[in-house]
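Chain by chain, the residues run as shown.
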Amino acid sequence: QVPLVESGGGSVRAGESLRLSCVASANTYSSYCLGWFRQAPGEEREGVSHISWNGDATRYTDSVKGRFAISRDNAKNTLYLQMNSLKPEDTAMYYCAAQGIGGRWDDPGIYNSWGQGTQVTVSS
């Protein structure tokens, strides 16, 4: 699998912003749809956002619509997640992933490459 490396997480107060980045070590992933997932302790992995290969189509889970924005720069092999107006319930480990097969965008089973995660903690 092509390694994916996330960065940009940290500890912030409610209402503040963070921008996550995910860099692929090979340029082949410019041809794939990409997604962001998150997982809090004791909970299942949740699909946060998804973007098509050329960035012309995006999807978001309802809880982040209007606050988060996904984007990609294929020339840099990089995926981004801009997170504004953060809430304590956004606290989780965030993972980027590359889609391997067709299916629902928020199904972890359709992704075949994952990063190690970056922690986001939001306090009230």
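Note that the structure is predicted; figures quoted are calculated from it, not measured.

Chemist: Please clarify how the overall build of the protein chain should be interpreted in this entry.
Modeler: Scanning the protein chain for helices and strands turns up zero helices and 11 strands. For the protein chain, the α and β elements follow one another from N to C terminus as β-β-β-β-β-β-β-β-β-β-β. Its C-alpha atoms give the protein chain a radius of gyration of 13 Å, near enough to 14 Å, the size a compact globule of 124 residues would have. In terms of overall dimensions, the protein chain has a C-alpha envelope of 40 × 25 × 25 Å along the principal axes. Burial status across the protein chain gives 41% buried among its 124 residues. Restricting to contacts in the protein chain with at least 6 residues of sequence separation, those with at least 24 account for 56%. When the accessible surface of the protein chain is totalled, it reaches about 6,300 Å², and 46% of it is carbon and sulfur. Of note, the protein chain has its 11 positive side-chain charges centred 4 Å away from the centre of its 12 negative side-chain charges.

Chemist: Is there a simple way to explain the pairing of strand β8 (residues 78–83) in this structure?
Modeler: Two faces make up the sheet, and in a regular strand the side chains alternate between them. The buried fraction of β8 amounts to five of the six residues, a majority that puts the element mostly inside the structure. Between strand β7 (residues 68–73) and β8, which pair antiparallel and follow one another directly, the connecting turn spans four residues, one of which, Asn77, has a positive phi of 55 degrees.

Chemist: Help me understand the nonpolar core, please; the structure alone is not making it clear to me.
Modeler: Nonpolar side chains tend to gather and get buried jointly when the protein is soluble and globular. Within the largest apolar cluster, 27 residues are counted, with the highest numbers of intra-cluster contacts made by Trp36, Phe68, Leu79, Leu81, Met83 and Tyr94. Elements that contribute at least two residues to this core include exactly β3 (18–24), β4 (34–39), β5 (46–51), β7, β8, β9 (92–99) and β11 (118–123). Leave out the neighbours within four places in its chain, and Phe68 touches Arg38, Val48, Tyr60, Leu81, Gln82, Met83, Asn84, Leu86, Asp90 and Tyr94.

Chemist: Any chance you could explain unusual backbone geometry here in plain terms?
Modeler: Glycine aside, residues mostly have negative phi, and peptide bonds are mostly found in the trans state. Even without being glycine, Asn77 reaches a positive phi, approximately 55 degrees. Position of Asn77 among the secondary structure elements: in the loop between β7 and β8. Asn77 gets classed as partly exposed once you look at its relative accessible area, which sits at 22%. Positive phi, close to 50 degrees, is recorded for Ser85, a residue that is not glycine. Within the secondary structure layout, Ser85 lies in the loop between β8 and β9.

Chemist: Is there a simple way to think about the environment of Gln116 in this case?
Modeler: Mapped onto the fold, Gln116 is located in the loop between β10 (111–114) and β11. Between the C-alpha atom of Gln116 and that of Tyr94, which follows or precedes it by 22 residues, the distance is 8.8 Å.

Chemist: What's the story with the pairing of β11 in this structure? I'm lost.
Modeler: Side chains Thr118, Val120 and Val122 of β11 all project onto a buried face; the interleaved residues Gln119, Thr121 and Ser123 project onto a face where none is buried. Here four bridges tie strand β2 (residues 10–13) to β11, and the two strands are oriented parallel to one another. Paired with Gly10 across the bridge in β11 is Val120. Bridge count for β9 against β11 is three bridges, and the pairing is antiparallel. Within the sheet, the bridge partner assigned to Ala92 lies in β11 and is Val120.

Definitions and cut-offs
- Residues numbered from 1 in each chain as written.
- Predicted model: local features only at pLDDT ≥ 70, side-chain atom pairs only at ≥ 80, totals over all residues.
- Heavy atoms only, no water.
- Helix = DSSP H or I, 4+ residues; strand = E, 2+ residues; numbered from the N terminus.
- Rg over C-alpha atoms; globule rule 2.2 N^0.38 Å.
- Buried < 20%, exposed > 50% of the residue type's maximum accessible area, 1.4 Å probe, protein only.
- Contact = heavy atoms within 4.5 Å.
- Areas by Shrake-Rupley, 256 points an atom, 1.4 Å probe, with all protein chains shown as cover.
- Lys, Arg positive; Asp, Glu negative; His and termini not counted.
- Charge placed at Lys NZ, Arg CZ, Asp CG, Glu CD.
- Pairing = 2+ DSSP bridges.
- Core = buried A, V, L, I, M, F, W, Y, C linked by side-chain atoms within 4.5 Å.

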